[in-house]
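Residues per chain are reported as follows:
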2 protein chains.
Amino acid sequence: MANIKPSLAKGTRDFSPLEMEKRNHIFNTLRSVFRKFGYNEIQTPSFENLSTLTGKYGDEGDKLIFKILNSGDYLSKVPQDVLAEKASNKLIPVISEKALRYDLTVPFARYVVMHQHELTLPFKRFQIQPVWRADRPQRGRYREFYQCDVDVVGSSSLLNEAEFILIYHEALSALGLKDFTIKINNRKILSGIAEVIGKPELIVDMTVAIDKLDKIGLEGVNKELLERGFTEDDLNVLKPIILLDGTNVQKLTSLRSVLASSAVGLAGIAELEEVFSYISAFGQATLLEHEVEVDITLARGLNYYTGCIFEVKTNEVAMGSIGGGGRYDDLTGMFGLKDLTGVGVSFGADRIYDVLEELRLFPASSTASTQVLIVNFGETIEQYTLPVLARLRAAGIPAEIYPTAAKLKKQMSYADDKKVQYVLLVGEEEVASGQFSVKNMSSGEQRKLNLDQLIILLKKEAAV
Amino acid sequence: MANIKPSLAKGTRDFSPLEMEKRNHIFNTLRSVFRKFGYNEIQTPSFENLSTLTGKYGDEGDKLIFKILNSGDYLSKVPQDVLAEKASNKLIPVISEKALRYDLTVPFARYVVMHQHELTLPFKRFQIQPVWRADRPQRGRYREFYQCDVDVVGSSSLLNEAEFILIYHEALSALGLKDFTIKINNRKILSGIAEVIGKPELIVDMTVAIDKLDKIGLEGVNKELLERGFTEDDLNVLKPIILLDGTNVQKLTSLRSVLASSAVGLAGIAELEEVFSYISAFGQATLLEHEVEVDITLARGLNYYTGCIFEVKTNEVAMGSIGGGGRYDDLTGMFGLKDLTGVGVSFGADRIYDVLEELRLFPASSTASTQVLIVNFGETIEQYTLPVLARLRAAGIPAEIYPTAAKLKKQMSYADDKKVQYVLLVGEEEVASGQFSVKNMSSGEQRKLNLDQLIILLKKEAAV
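Everything numeric in this text was worked out from a predicted model, so none of it was measured. (Residues numbered from 1 in each chain as written. Chains lettered and ligands numbered in written order. Predicted model: local features only at pLDDT ≥ 70, side-chain atom pairs only at ≥ 80, totals over all residues. Heavy atoms only, no water.)

### A look at the pairing of strand 14 (residues 422–425) of chain A
Residue and element names in this part refer to chain A.
Part 1 of the reasoning: What you see with strand 14 is no split at all: Y422 and L424 on one side and V423 and L425 on the other are buried throughout.
Part 2 of the reasoning: The sheet contact formed by strand 12 (residues 372–374) and strand 14 spans three bridges and is parallel. Bridging across to strand 14, I374 finds its partner in L424.
Part 3 of the reasoning: By the bridge criterion, four bridges tie strand 14 to strand 15 (residues 436–440) in an arrangement that is antiparallel. (Buried < 20%, exposed > 50% of the residue type's maximum accessible area, 1.4 Å probe, protein only. Helix = DSSP H or I, 4+ residues; strand = E, 2+ residues; numbered from the N terminus. Pairing = 2+ DSSP bridges.)

So, in structure tokens, the structure goes:
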């Protein structure tokens, strides 16, 4: 075997016990909220047939898909002239029939189409799995990262949209975030604006320009709009939209007057109102005054979404969006199953991790790691403490004994590095009295307890 | 976008909500046992540098590693004459620098070496992640499957070996298995036998032949041993080993006399005795009479293991081993870090899944799925029940309302397919009385409860 100095593949990461604990805290919190709303977990394979993925993410996306080389003598069937051409792209489908998942959406669409006869609609699923992209790695951007998607297909009810707002609110609150904004828009409102102006092809230019209001002011936005092909007349129509301000109710009232002549625009407004009315019926009307914000510059996935569009930002840390989603009417059309509507959102786990880290919101004490370490003072004490260890574990307490009678300092530093909460010191005196010296590793406090008292203490700590 | 009839990549599987629930039941049970014994979770990336994996699994293994094609113009640097040769193998390192994880052991070794200065030894880790092998798919053999490994490196104490026996016992019992055998052997005993006979190169032939005793009897085994290069004299020495029988203590006694002249053989026996003595000290001596079985034909990973060797079988279902492992003295040597000892075991999650399925040991009621579905009878009732839904979820109960006022039959069949435990029927009468009709979907029983009573009932059910 070659003696290589090992390294990680570019753009990938190891996760240490401490990092795993924090990541699992996020994933478990999301899972438990998704389940409370009736969503069930599915998983799809890490690789799909290349043909399942190709053409779904645009030309740029196709390039970022990791292709898997066929096994065996993969060159045997390649015509010599194709090889001679050295055309990397042309050769791909000949020597690669599989590729790594690029997102969770296309595999989910494939899943729904393949299992359509077993599925009861509406089908509510969540999926937390890694995806892979051959992006150039940079700070905060990895070639392997997790996506957390939650979607319902086969139901057009706006109750679903309302529940996604509740899901965001509940999940982010459960993670300890206090100040975040759930932005909502509706594709139909954007279509309505384009209809009113008569320039549907300029929707994206319009939203991009309007989005800069904070930075460049009304004059700046108008200048950019003119450059992007709008007229002075258009600017007059757009002015109340650009300056859209006030409460959500006020914004919708302004929009209603601007879009009075557009049936599709009014339908978009009515959809937002229905979503808000559901939120109120859930007893969460205060969300509409604080977390939820109508933002008609939100154009996320404009080619894809057909109804409501969501995006979530934290206001406590400078950070891009930590979630987003929307309604789509043709998820499964790419695989031949037409007219299946769906709506879903996703959580950006890596960014949420960074936010929680910066705000120090990860739980301090870990229930995932060892709660108590028994110091090993040699064979006699070992024999005495092994039944104690068995009792602790039988009570569900993560516990271990240091495996050899190493120096006390070494054992204590092991406990320290592993963030063990309590250390048990058992000497001859303790054997005689049936009590243990229990040291709290964070406070340094030490006290004498018998086994039953110790178990009660540890179980109480674990429940915090 | 092309309209393709989608399919799964060969040898891969989707996991439905019901399957995920069962798989998570296994993984969560294992996780919780591993943690109780002081093991912490880590994860490594799905792909590694190809050079990290190549040469670690033998020539056959190398062929089964899935290689990832380089991105971009991957052919540009390939010399024309190499292409003209059409040598698939030779081209691999030129067009592929990454490969999918083949097992969890080599990435773990890479992890330990790369993080050696951050790790406090002994380092106790578990890892539950998929691995990929380009095997020919067949019943029960997939190209993507999960491994569950638990290892400690940096401790030579046999306390670790004893704890792995406890871990197997506790995890398999927690999963509901009642009759299983944890076989144990020691590489040093096999070396001792070879030493006594003077044919160390024939260890594998010997164990393979002896392993057939049940099927072909002593004469058959002897015949095979002669064919494999042993002499009549050897057979006389081997006879008490082949016929090794009785309790573990009796077996060790017989071995002690056969191996009296071999220091290494005696050391192996002493190791097993020490492991057993730890098991007894843990108050689990009965395990040594039932679950644990000394089996000197166990030669699993003979080139790899240097001390104790484990293998676990269920006796309730015909099935290959559901777990195994052992001590190794040179895990990280391949990456230049010498003399780091370790011991670990693994659980075969897919086989355990099949065993639990066959024995119907998966929990009947699921806490992972929706516990209560509110039937949707239209807008008025919807408005009345949304606060109820919010209360149920606030109490931690997975609950949903059917999103539209579809026909009752359709809503009930949705509840049925999703294995929802209770359905809430709220009509005008219920609104007036403040009580709900609660239908138990498995028993069909229906009763009237108010919201508080309902929450108490559901929380009690979830706790079962």
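### Section: the relation of the copies chain B and chain A
Part 1 of the reasoning: The two copies are related by a screw motion: chain B maps onto chain A through a turn of 180 degrees and a shift of 0.0 Å along the axis, at an RMSD of 0.0 Å. Expressed as a symmetry operation, the mapping of one chain copy onto the other fits a two-fold axis. Taking C-alpha positions as reference, the residue of chain B nearest the rotation axis is B:I68, located at 2.2 Å.
Part 2 of the reasoning: Of the residues that chain B buries at the interface, 100% are likewise interface residues in chain A, meaning the two copies contact each other through the same surface. (Least-squares fit on C-alpha atoms with pLDDT ≥ 70 in both. Contact = heavy atoms within 4.5 Å.)

### Concerning the sheet that holds strand 13 (residues 399–401) of chain A
Residues and elements named next belong to chain A.
Part 1 of the reasoning: On the basis of which strands lie adjacent, the open sheet formed by five strands has the order 13-12-14-15-16 and mixed pairing. Each of the sheet's edge strands pairs with one partner strand only, and the pair in question is strand 13 and strand 16 (446–449). Strand-to-strand, the axes of this sheet are offset by a mean angle of 25 degrees, without reference to chain direction.
Part 2 of the reasoning: Here helix 16 (residues 379–394) sits on the sheet in contact with strand 12, strand 13, strand 14 and strand 15, set at roughly 165 degrees to strand 13.
Part 3 of the reasoning: Strand contacts of helix 17 (residues 408–417): strand 12, strand 13, strand 14 and strand 15, with the helix running at about 165 degrees to strand 12, the strand carrying the most contacts. (Axes fitted to C-alpha atoms, helices over the stretch in contact; angles between N-to-C directions.)

### Concerning the packing of aromatic side chains
Part 1 of the reasoning: One pass over the structure, following the stated rule, counts 26 aromatic pairs over all chains.
Part 2 of the reasoning: Taking 5.2 Å as the distance between ring centres and 65 degrees as the angle between the ring planes, the aromatic pair formed by A:F66 and B:F47 counts as edge-to-face. One end of the pair, A:F66, is in the loop between helix 3 (58–64) and strand 3 (67–68); the other, B:F47, is in strand 2 (residues 47–49), on a second chain. The residues A:F66 and B:F47 share a single accessibility class, namely buried.
Part 3 of the reasoning: An angle of 25 degrees between the planes, with centres 6.3 Å apart, marks the rings of A:F108 and A:F123 as stacked. Of this pair, A:F108 sits in helix 6 (residues 105–114) while A:F123 sits in strand 5 (residues 123–132), and the two are 15 residues apart along the sequence.
Part 4 of the reasoning: A relative accessible area of 1% places A:F108 in the buried class.
Part 5 of the reasoning: You can call A:F123 buried: its relative accessible area is 7%.
Part 6 of the reasoning: Among the aromatic residues, those joined into a ring-pair cluster are A:F34, A:F126, A:Y168 and A:F347.
Part 7 of the reasoning: Positioned above the aromatic ring of B:Y39, the side-chain terminus of B:K124 is 4.8 Å from the ring centre. (Phe/Tyr/Trp six-rings, centres within 6.5 Å; stacked < 30°, edge-to-face > 60°. Lys NZ or Arg CZ within 6 Å of the ring centre and 35° of its normal.)

### Examining the pattern of salt bridges
Residue and element names in this part refer to chain B.
Part 1 of the reasoning: This structure, assessed with the given rule, holds 56 salt bridges over all chains.
Part 2 of the reasoning: The closest approach of N and O atoms between R110 and E48, which form a salt bridge, is 2.8 Å. Pair noted here: R110 is in helix 6 (residues 105–114) and E48 is in strand 2, with a separation of 62 residues, a long-range link. Judged on exposure class, the residue R110 and its partner E48 are both buried.
Part 3 of the reasoning: Here D205 makes a salt bridge to R228, at a shortest N to O gap of 2.9 Å. (Salt bridge = Lys/Arg side-chain N within 4 Å of Asp/Glu carboxyl O.)

### Here we look at the domain arrangement of chain A
Part 1 of the reasoning: The domain boundaries assigned to chain A delineate domain 1 (20–43 + 102–359), domain 2 (47–100) and domain 3 (368–463).
Part 2 of the reasoning: Summarising the inter-unit geometry, the C-alpha centres of domain 1 of chain A and domain 3 of chain A are found 50 Å apart. (Domains from an automatic or database assignment.)

### Things to note about unusual backbone geometry
Part 1 of the reasoning: Between A:L121 and the following residue, A:P122, the backbone shows a cis peptide bond with an omega angle of -10 degrees.
Part 2 of the reasoning: Non-glycine residue B:K86 carries a positive phi angle of around 55 degrees.
Part 3 of the reasoning: Within the fold, B:K86 resides in the loop between helix 4 (80–85) and helix 5 (88–95).
Part 4 of the reasoning: For B:K86, a relative accessible area of 23% corresponds to the partly exposed category.
Part 5 of the reasoning: A positive phi angle, close to 55 degrees, is found at B:K419, a residue other than glycine.
Part 6 of the reasoning: Mapped onto the elements, B:K419 comes out in the loop between helix 17 (408–417) and strand 14 (422–425).

### Topic: the interface of chain B and chain A
One widely used convention gives an interface's size as the accessible area the parts lose upon coming together.
Part 1 of the reasoning: With 105 residues of chain B at the interface, the matching set in chain A holds 106 residues.
Part 2 of the reasoning: Buried surface at the junction of chain B and chain A, both sides included, amounts to about 9300 Å², of which 57% is carbon and sulfur.
Part 3 of the reasoning: Inspection of the region where chain B meets chain A yields six salt bridges.
Part 4 of the reasoning: When the shortest N-O distance is used, the salt bridge between A:R110 and B:D14 registers 2.6 Å.
Part 5 of the reasoning: On the surface where chain B and chain A come into contact, there are 42 residue pairs in polar contact (both at pLDDT 80 or more). (Buried area = accessible area lost by both parts, 1.4 Å probe. Polar contact = N/O pair within 3.5 Å; in protein donor to acceptor, adjacent residues only side chain to side chain.)

### Thoughts on the environment of B:G58
Residue and element names in this part refer to chain B.
Part 1 of the reasoning: Mapped onto the elements, G58 comes out in helix 3 (residues 58–64).
Part 2 of the reasoning: Taking relative accessible area as the criterion, G58 reaches 36% and is therefore assigned partly exposed.
Part 3 of the reasoning: As a C-alpha pair, G58 and A394 span 336 residues in sequence and 55 Å in three-dimensional space.

### Remarks on the sheet that holds strand 9 (residues 308–314) of chain B
All names here are of chain B.
Part 1 of the reasoning: Across the sheet, which stays open at both edges, the eight strands sit in the order 1-5-6-11-10-9-7-8 with mixed pairing between neighbours. Edge strands, defined here as strands with exactly one partner in the open sheet, are strand 1 (40–41) and strand 8 (292–294).
Part 2 of the reasoning: Pairing geometry for strand 7 (residues 180–186) and strand 8, over three bridges, is parallel. Note on strand 8: the bridge partner recorded for K183 is E293.
Part 3 of the reasoning: Packed onto the sheet, helix 1 (residues 17–36) meets strand 1, strand 5 (123–132), strand 6 (144–153) and strand 11 (342–347) and runs at close to 160 degrees relative to strand 5.

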